[in-house]
Amino acid sequence: MVELTRRTLMKMLGGGAAAGALGAPMVARAQATPYRIGFVSALSGPSEMLGRGMLDGATIAIERINASGGVNGRQIELVVRDDKGKPDSGTVAARELIGEGCHLLMGVSSSAVGLAITAILPQENAILLTAAAHSLRLTHEDYNRHYFRITDNPYMRQRAQAKLMAELHPEVTSWGGLIPDHEYGRSTWDSFRHGLEAYYPEIAKSQPAISNPIMCQYGGSDYRNYVASAMRDPAVGFLNSMYGGDAITLFQQAKPYGFFQKKAPVVDTANEFMVARAMKSEMPDMWTGAHWYFGAFKGNPLNDELYAKYVERTGNKFPDGFVAEGHACILAFAEALKKAPEGKTEDVIAALEGLTFETATGSRTIRPEDHQVIKPVILYRVRGTNSADGIEVVEYRTIPGDQVMDKPTPGAPIVW
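Not measured: the values here are computed from a predicted model.

### Focus: the overall build of the protein
Scanning the protein from N- to C-terminus turns up 14 helices and 16 strands. On the principal axes, the C-alpha backbone points of the protein span a range of 90 × 50 × 40 Å. Counting the 416 residues in the protein, one finds 57% classified as buried. When contacts within the protein are restricted to residue pairs at least 6 apart in sequence, long-range pairs at least 24 apart make up 69% of them.

The structure is reproduced here in structure tokens:
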């Protein structure tokens, strides 16, 4: 049996460990172990643009935190997986990350993926913060305490949009919708419809006529039949919930029909600048909902730094709000880990509940009852121009989140 002497141990640990007490190098090394956070979102497929924006924002936040010494003296490490926007790929990716020691997860652009991953969180003893998944089920009937939504939801955003339309266009009292036939589309339509029913009688002093929405194929390539159905619909105003590449295809195919001249206003739920950057001067004039608009928060140091770093990183002067939501997920975890330095799941959950933290859109607070964050709802009107940038923001609104929020009903359906 070989005696493990102090001298032998110092050789094993390296010459730099010679100073200090015998246990000090091992303590220092343990303290230097990084916090590993798993990133899972669509990095390929129709929703790739959403996931890439989240990843950029998360990376910028981590670089900022690590450059200032990390959290509790420990760096943050991001481990990335592509869920391809598919629930089965998402659960596989989440389990891989958890198996690699990443029980703190973030990202997710698809509601279907969010629901699939959330279902496995308790048995895997993991936590998920989503930066985009909007299904109302996540914080209502399918709620579990391992899930947190760090962004707004359709109830907040689409009801704010309906209220704004009643204020700006009281004369437009017939509404229809082009909606993807999946969970996100149904959530956005239900929220907008109930907003119209609530705000038009109150503000426009009229009862809106609301058509059944036109349910569109997700991931399709030909939307002309859906456009033709919309043109036959008596509705004047339209809500669009198609997003990403699907929305670009839909809008391009709708233009020859004169859709945007005959059906106005068009309200877009979530495309932000994605479609506008692709269509440039051909971009129709519409109001869109956003997670973040950099122009609305000038003077906020986190906003200004995030925008500058993102433009430097990508050259894109019109970032989508998913950038700020990926950024916010990391900031939330960082603040929670200050209160739960060992990073244990139960401790982090407790630290996140009721947490108030600073972001590029100002302070956000996570509602402890259902883990829905309270943050501003951001809406802006964008259109194509002949300028060098090709697009412009005509006007914008920020609505305090607590003015348009749903009531918490964890474990039960939303109460309209």
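### Looking at the packing of helix α4 (residues 87-99) against helix α5 (residues 111-124)
The interhelical angle for the contact between α4 and α5, taken along N-to-C directions, is 35°, at an axis separation of 8 Å. Read as a crossing pair, α4 and α5 show a hand that is right-handed. In contact with P87, G90, T91, A94, R95 and I98 of α4, α5 contributes A112, V113, A116, I117, I120, Q123 and E124. Of the residues contributing to the contact of α4 with α5, the split by class is eight nonpolar, three polar and two charged.

### Details of the pattern of salt bridges
Pairing between side chains becomes possible if they bear opposite charge and their charged atoms approach one another. Evaluated as defined, the whole model comprises 30 salt bridges. Here R64 ties to E305 by a salt bridge, and the two come within 2.5 Å at their closest N and O atoms. Taken together, the residues span a long stretch of sequence, with R64 in helix α3 (residues 48-67) and E305 in helix α12 (residues 301-314) at a distance of 241 residues. A salt bridge links E282 to K255; its shortest N-O distance comes to 3.8 Å. Residue E282 is located in the loop between α11 (274-279) and β11 (286-290), and its partner K255 is located in the loop between α9 (245-254) and α10 (259-262); the two are separated by 27 residues in the primary sequence.

### Structural notes on the sheet that holds strand β5 (residues 147-149)
Either a parallel or an antiparallel arrangement is found when strands of a sheet pair, and the pairing is made through backbone hydrogen bonds. Taken in spatial order, the five strands of this open sheet run β2-β1-β3-β4-β5, and their pairing is parallel. Each having just a single partner strand, β2 (76-82) and β5 make up the two edges of the open sheet. With direction set aside, neighbouring strand axes in the sheet form an average angle of 25°. For strand β1 (residues 35-41) and β2, the ladder comprises seven bridges, and the chain directions are parallel. Bridge pairing in β2 links S41 to D82. Contacts from α5 reach β1, β3 (104-107), β4 (127-130) and β5 within the one sheet, and its direction differs from that of β4 by about 155°.

### A look at the packing of aromatic side chains
Under the defined criterion, the tally for this structure stands at 18 aromatic pairs. Geometrically, the ring pair formed by F273 and Y293 is tilted, given 6.2 Å between the ring centres and 55° between the ring planes. Taken together, the residues span a long stretch of sequence, with F273 in the loop between β10 (266-268) and α11 and Y293 in the loop between β11 and α12 at a distance of 20 residues. Here the aromatic rings of F273 and Y380 are separated by 4.7 Å at their centres, their planes lie at 20°, and the arrangement is stacked. Of this pair, F273 sits in the loop between β10 and α11 while Y380 sits in strand β15 (residues 377-384), and the two are 107 residues apart along the sequence. The class for F273 is buried, based on a relative accessible area of 0%.

### Considering the sheet that holds strand β14 (residues 373-374)
Across the sheet, which stays open at both edges, the three strands sit in the order β12-β13-β14 with antiparallel pairing between neighbours. Of all strands in the sheet, those bounded by a partner on one side alone are β12 (356-359) and β14. Where strand β13 (residues 362-366) lies against β14, two bridges are found, and the strand directions are antiparallel. Within β14, the position partnered with I366 by the bridge is V373.

### Examining helix α6 (residues 154-168)
Between its first and last C-alpha, α6 extends 20 Å over 15 residues, near the 21 Å set by a 1.5 Å rise per residue. Within α6, 12 of the 15 residues are buried, leaving the element largely enclosed by the surrounding structure. A distance of 3.0 Å separates the backbone nitrogen of Y155 from a side-chain oxygen at the start of α6, and that oxygen is part of N153.

### A few points about the packing of α6 against helix α7 (residues 183-204)
Two elements in contact, α6 and α7, have axes separated by 7 Å at closest approach and are oriented at 35°. Judged by the twist between their axes, the crossing of α6 over α7 is right-handed. For the pair α6 and α7, the contacting residues are P154, Y155, Q158, R159, Q161, A162, K163, M165, A166 and E167 in the first and S187, T188, S191, F192, H194, G195, L196, A198, Y199, Y200, I203 and A204 in the second.

### Focus: the pairing of strand β9 (residues 237-240)
Burial of the side chains of β9 extends over both faces: G237 and L239 are buried on one face and F238 and N240 on the other. By the bridge criterion, four bridges tie strand β6 (residues 174-180) to β9 in an arrangement that is parallel. Considered in β9, the bridge of W175 is made with G237. Bridge analysis of β9 against β10 gives three bridges, and the strand direction is parallel. The residue of β10 that forms the bridge with N240 is D268.

Conventions used here
Residues numbered from 1 in each chain as written. Predicted model: local features only at pLDDT ≥ 70, side-chain atom pairs only at ≥ 80, totals over all residues. Heavy atoms only, no water. Helix = DSSP H or I, 4+ residues; strand = E, 2+ residues; numbered from the N terminus. Buried < 20%, exposed > 50% of the residue type's maximum accessible area, 1.4 Å probe, protein only. Contact = heavy atoms within 4.5 Å. Axes fitted to C-alpha atoms, helices over the stretch in contact; angles between N-to-C directions. Left-handed = near helix turned anticlockwise from the far one by under 90°. Nonpolar A, V, L, I, M, F, W, Y, C, P; charged D, E, K, R; others polar. Salt bridge = Lys/Arg side-chain N within 4 Å of Asp/Glu carboxyl O. Pairing = 2+ DSSP bridges. Phe/Tyr/Trp six-rings, centres within 6.5 Å; stacked < 30°, edge-to-face > 60°. Expected span 1.5 Å × (residues − 1). Polar contact = N/O pair within 3.5 Å; in protein donor to acceptor, adjacent residues only side chain to side chain.

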